[in-house]
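# Architecture and fold: a report
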Amino acid sequence: MLALPPALQQRDFRLLWISMLASGVATQMAAVALGWQVYAIHHKAFDLGLIGLAEFVPVPLLALPTGHLADRISRTRLVAVSTLAEAGVVALLLVVTLGGAHQLWEFVALAMATGAAAQLGNPAARSLTPQIVAPELLTGAIALRSIGGQAATIGGPAVGGLLFAISPEAVYAVATALLVVAAATVALMRSPVAI
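What comes next is a walk through the structure.

Conventions used here
- Think of each chain on its own: its residues are numbered from 1, step by step along the sequence as written.
- Residues qualify for local features only when their pLDDT is at least 70, as the model is predicted, and side-chain atom pairs are given and counted only at 80 or more; totals for whole chains, interfaces and linings, by contrast, use all residues.
- Hydrogens and waters are ignored; side-chain quantities use all the structure's heavy atoms.
- Counting from the N terminus, the helices are the DSSP runs of H or I reaching at least four residues and the strands are the DSSP runs of E reaching at least two.
- Each radius of gyration is computed over the set of C-alpha atoms, and the globule rule expresses the reference value as 2.2 Å times the number of residues to the power 0.38.
- Partly exposed describes any residue whose relative accessible area lies between the buried limit of under 20% and the exposed limit of over 50%, with all areas from a 1.4 Å probe on protein chains only and scaled to the type maximum.
- Throughout, a residue-residue contact means that at least one pair of heavy atoms, one from each residue, lies within 4.5 Å.
- Note on areas: these come from Shrake-Rupley sampling with a 1.4 Å probe, and a residue is covered only by the protein chains present in the view.
- Salt-bridge detection follows one rule: a side-chain nitrogen of Lys or Arg within 4 Å of a carboxyl oxygen of Asp or Glu.
- We define the nonpolar core as a collection of buried residues of types Ala, Val, Leu, Ile, Met, Phe, Trp, Tyr and Cys that are connected through side-chain atoms lying within 4.5 Å of one another.
- Comment: axis = line fitted to C-alpha atoms, over the contacting stretch for helices; angle = value between 0 and 180 degrees taken between N-to-C directions.
- Should an angle fall under 35 degrees it is called roughly parallel, over 145 degrees roughly antiparallel, and 65 to 115 degrees roughly perpendicular, with every other angle called oblique.
- Handedness of a crossing is defined here by the sense of rotation of the near helix relative to the far one, left-handed for an anticlockwise turn of less than a right angle and right-handed for a clockwise turn.
- In this classification, Asp, Glu, Lys and Arg are treated as charged, Ala, Val, Leu, Ile, Met, Phe, Trp, Tyr, Cys and Pro as nonpolar, and every other residue, Gly included, as polar.

### A look at the overall build of the protein
A tally of regular secondary structure across the protein gives 7 helices and 0 strands. When its helices and strands are written in sequence order, the protein yields α-α-α-α-α-α-α. For 195 residues, the compact-globule formula gives about 16 Å, and the C-alpha radius of gyration of the protein, at 17 Å, lands near that figure. Relative to its full complement of 195 residues, the protein shows a buried share of 39%. If you take every contact in the protein between residues at least 6 apart in sequence, the share linking residues at least 24 apart comes to 85%. On the protein, roughly 10000 Å² of surface is accessible, and the fraction owed to carbon and sulfur atoms is 72%.

Rendered as structure tokens:
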């Protein structure tokens, strides 16, 4: 039997890693479906650029406040709330899709909400690993986070594309479920003491 890498033997890092992997796969899956649906509305690549811009706009606007927030409240709770907010946005994408998905503005608004929800938890999520992993295991933990991120970047669009071939609704339903699992997993972590 294969032994887990030392960092994954630590309960809280294992939970964080599972959460990060599940949320990464979910967001990549949703991005594939969103891109296909937005392009199908007007068949314009410019519309895809609008989606990217809408996702980016909240990032610089919220970077300082969310960093400050991550220093003031429980980081694990903040990541869990952020992930649940992302699940809510993906669930709204499912509702829009079930309603016909013919208007660009709905997708632009939800893309902006996605960017805001992701930015809410981003500073807290990035700072959790050094707080929960022993210093001698930090290098391995960071490598595992990178591997998980790459796996999500590669696997998420593949799974999303396969599900989209079946039904766009299936992509959003599975992505919502994965995000709820990710939020629940990170919520199970012991909250590290704020610095």
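Here the narrative resumes, following the displayed structure.
### Digging into the pattern of salt bridges
Under the definition given, this model contains 3 salt bridges. Here Asp12 and Arg190 are joined by a salt bridge, their closest N and O atoms 3.7 Å apart. Here Asp12 is found in helix 1 (residues 11-42), whereas its partner Arg190 is found in the segment after helix 7 (168-187), with 178 residues between them in sequence. Residue Arg190 is classed as exposed on the basis of its relative accessible area of 52%. Notably, a salt bridge pairs Arg75 with Asp71, separated by 2.7 Å at the nearest N-O pair. On the accessibility criterion, Asp71 (35% relative accessible area) is partly exposed. Because the salt bridges share partners, they merge into one network encompassing Arg11, Asp12 and Arg190.

### Section: the nonpolar core
Judged by nonpolar contacts, the single largest core of 26 residues is most densely connected at Leu34, Val38, Ile51, Val90, Leu93, Phe107 and Tyr172. Sorting the residues of this core by element identifies helix 1, helix 2 (45-56), helix 4 (75-98), helix 5 (104-132), helix 6 (138-166) and helix 7 as the ones contributing at least two each. In this structure, Leu8, Ala80, Leu144 and Val186 belong to the second largest nonpolar core, which totals 19 residues.

### Remarks on the packing of helix 4 against helix 7
Packed helices, taken two at a time, are described by their axes: the angle between them and the distance between them. One way to put it is that helix 4 packs onto helix 7 with a least axis distance of 8 Å and a crossing angle of 165°. In terms of their interaxial angle, helix 4 and helix 7 are classed as roughly antiparallel. Between helix 4 and helix 7 lies a crossing whose hand is left-handed. Partitioning the contact of helix 4 with helix 7 into residue classes produces 19 nonpolar, 4 polar and 2 charged.

### Structural notes on the packing of helix 1 against helix 4
Axis separation between helix 1 and helix 4 bottoms out at 11 Å; the angle between their running directions is 30°. Classified by the interaxial angle, the pair formed by helix 1 and helix 4 is roughly parallel. Every pair of crossing elements has a handedness; the one defined by helix 1 and helix 4 is left-handed. Taken together, the residues of helix 4 that come into contact with helix 1 (itself represented by Ser23, Thr27, Ala30, Leu34 and Gln37) are Thr83, Glu86, Val90, Leu93 and Thr97. Across the contact of helix 1 with helix 4, the residue classes break down as 4 nonpolar, 5 polar and 1 charged.

### Structural notes on unusual backbone geometry
Glycine aside, the phi torsion of most residues is negative, and most peptide linkages are trans. Even without a glycine there, the phi angle at His43 is positive, about 60°. Along the chain, His43 turns up in the loop between helix 1 and helix 2. For His43, a relative accessible area of 54% gives the class exposed. Unusually for a residue other than glycine, Ala101 sits at a positive phi of about 50°. Inspection of the secondary structure assignment puts Ala101 in the loop between helix 4 and helix 5.

The analysis is restricted to geometry; functional conclusions fall outside its scope.
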